[in-house]
Amino acid sequence: MAKIYNFSAGPAVLPPSVLKRAQAEMLDWHGTGMSVMEMSHRGKAFLSILAKTEADLRTLLNVPDHYKVLFLQGGAIAENAMIPLNLLNGKSADYVVTGSWSERSVKEAKMFGEINVVAKSQPFHYVPDFASWKLNKDAAYLHICTNETIDGVEFDALPNAGNVPIVADMSSHILSRPIDVSQYGVIYAGAQKNIGPAGLCLVIVREDLLNQAAPIVPGVFHWKAQSENQSMVNTPPTYAIYIAGLVFEWLLEQGGVEVIEQQNIAKASLLYDYIDSTDFYRNDILVRHRSRMNIPFFLKDESLNDDFLAGAEANGLLQLKGHRSVGGMRASIYNAMPFAGVQALVEFMQSFAQSHQ
Ligand SMILES: *Cc1c(COP(=O)(O)O)cnc(C)c1O
């Protein structure tokens with residue numbers, strides 16, 4: 001098999017050592033004689049996997065004791081609807097729109113109550129100045145997307161929302177940098193970007209926010225019910241949880257999120273520095289809000305896009321096409337993308353530019 005680098009925005013690259021370990025344990029997990037896929041979710045073996053997965057996540061993100069960790073299904077988009085259902089409780093909520101995903105969150109939430117867009121960037125190239133946000137003191141929560149996967153915009157700081165809990169969609173950069181969980185009311189993230197396989201959504205929720213659910217919240221999405229039942233109101237996505245657990249172990253072996261952050265800074269700087277050094281390519285995002293994970297870029301001559309993608313693919317650099325709503329190219333360089341992958345991309349971009357000047 002030829003060496004490839006996978007720049008997909010999600011589902012995305014996983015650490016090879018994690019995949020090898022899953023392969024080795026596929027038919028017989030720790031002498032049980034069965035695959036994790038075949039185990040009862042309530043059996044001792046799987047419960048030990050779940051407990052270790054949660055404990056490792058808590059270590060990695062330093063999750064305080066008064067936060068619950070839920071392993072749910074339905075992805076981040078299901079949570080877009082379940083957040084208002086679990087939190088609104090007759091109040092309104094504030095939303096900040098900084099890209100396609102937070103815009104989608106507004107759309108999903110509007111069905112359930114009064115949603116106020118209190119700031120919006122135009123175009124999606126930056127995070128609006130906190131001072132311009134028209135926050136409501138009585139809002140049930142303030143929703144933000146701290147890394148816009150499609151547009152390539154990442155928050156470099158958190159606003160002061162007073163007593164209003166911040167709810168953050170971290171799908172595409174969770175575990176890429178240290179965060180202070182205590183600054184948030186709720187953190188949620190679909191797994192298929194920076195954690196593991198699709199089918200799992202992590203929700204980290206402050207305990208005191210578990211008593212606001214509407215009476216119509218479905219059981220499987222009822223955060224309090226899920227937290228009281230170890231995420232087992234229904235059968236949780238067992239295999240996805242197992243792989244997420246292997247990824248968390250891998251992250252701990254790397255030295256945790258502080259070490260991973262340094263690697264992510266090095267990878268992102270290599271690519272941005274090259275893009276900024278030539279007018280053959282460009283990235284439009286305000287420098288301080290440039291994402292370390294998702295890097296959209298454009299060729300000056302867009303008629304070369306197909307040639308660029310074909311040449312990249314021939315060099316083993318895959319899934320670089322930009323999202324259809326943005327166009328151009330996008331390199332997603334999550335935790336599991338090695339530095340060598342970004343080096344290979346930059347080398348290809350240099351030689352493509354040289355041969356098409
Ligand atoms: C991918 C993504 C989503 C959607 O996740 P699904 O698992 O498809 O529901 C939502 N928000 C962000 C920031 C994403 O990157």
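Here is what the cut-offs are and how they apply
- Position labels on residues start from 1 in each chain and follow its written sequence.
- In view of the model being predicted, local features appear only for residues whose pLDDT reaches at least 70, and side-chain atom pairs are presented and counted only at 80 or more, with totals across whole chains, interfaces and linings using the full set of residues.
- Heavy atoms throughout the structure, all of them, feed into the side-chain values; hydrogens and water do not.
- Secondary structure elements are taken from DSSP: a helix is a run of H or I of four residues or more, a strand is a run of E of two residues or more, and numbering for both begins at the N terminus.
- Burial status follows relative accessibility: with a 1.4 Å probe on protein chains alone, a residue under 20% of its type maximum counts as buried, one over 50% as exposed, and anything between as partly exposed.
- Note on definitions: a residue-residue contact is assigned when non-hydrogen atoms from the two residues lie within 4.5 Å.
- In this description, accessible areas are obtained by the Shrake-Rupley approach with a 1.4 Å probe, and a residue is regarded as covered only by the protein chains that are shown.
- For every domain, the bounds stem from an assignment made automatically or drawn from a database.
- Once two parts are joined, some of their accessible surface, as seen by a 1.4 Å probe, is lost; buried area is that loss totalled over both.
- Should a side-chain nitrogen of Lys or Arg be within 4 Å of a carboxyl oxygen of Asp or Glu, the pair is scored as a salt bridge.
- Just so you know the grouping, Ala, Val, Leu, Ile, Met, Phe, Trp, Tyr, Cys and Pro go in nonpolar, Asp, Glu, Lys and Arg go in charged, and all remaining residues, Gly too, go in polar.
- Any two strands with at least two DSSP-identified bridges between them are counted as paired.
- Working convention: axes come from line fits to C-alpha atoms, limited for helices to the stretch in contact. Angles between N-to-C directions cover 0 to 180 degrees.

A. Main features of the overall build of the protein. Looking only at helices and strands, one finds nine helices and 14 strands in the protein. Along the three orthogonal principal directions, the C-alpha set of the protein runs to about 60 × 55 × 30 Å. Across the 357 residues of the protein, 57% fall into the buried class. Put simply, 68% of the contacts in the protein that link residues at least 6 apart link residues at least 24 apart. For the protein, the computed accessible surface area is about 15,300 Å², with 51% contributed by carbon and sulfur atoms.

B. Looking closely at unusual backbone geometry. Between Gly10 and the following residue, Pro11, the backbone shows a cis peptide bond with an omega angle of -10°. Among the structural elements, Pro11 can be located in the loop between strand 1 (5-6) and helix 1 (16-24). Positive phi values are uncommon outside glycine, yet His30 reaches one of about 50°. Relative to the helices and strands, His30 is located in the loop between helix 1 and helix 2 (44-61). Even without being glycine, Gln319 reaches a positive phi, approximately 65°. Tracing the backbone through its elements, the reader meets Gln319 in the loop between strand 13 (317-318) and strand 14 (329-332).

C. Fine view of the domain arrangement of the protein. Split by domain assignment, the protein resolves into domain 1 (16-254) and domain 2 (255-355). If you average the C-alpha positions of domain 1 and of domain 2, the two centres end up 27 Å apart. Listed per partner, the contact involves 28 residues of domain 1 and 27 residues of domain 2. Interface area for domain 1 against domain 2, summed over the two sides, is near 2,300 Å², with a carbon-plus-sulfur share of 52%. Looking only at domain 1, the three residues that lose the most surface to domain 2 are His125, Ile150 and Gln254, adding up to 22% of its buried area. Taken together, the connections running from domain 1 to domain 2 amount to one salt bridge. When residues of the side of domain 1 that touches domain 2 are traced back to their parent elements, those giving at least two are strand 7 (153-154) and helix 6 (238-254). A per-element tally of the side of domain 1 that touches domain 2 places helix 6 first, with five residues. Class assignment for the residues of the side of domain 1 that touches domain 2 results in 12 nonpolar, 10 polar and six charged.

D. Representation of the sheet that holds strand 10 (residues 201-206) within the structure. Strand order in the open sheet formed by seven strands is 2-10-9-8-5-3-4, and the pairing between neighbours is mixed. Lying at the two open borders of the sheet, with one neighbouring strand each, are strand 2 (67-72) and strand 4 (115-120). Here the strands of the sheet are splayed against their neighbours by 20° on average, with no regard to which way each runs. As paired elements, strand 2 and strand 10 share six bridges and run antiparallel to each other.

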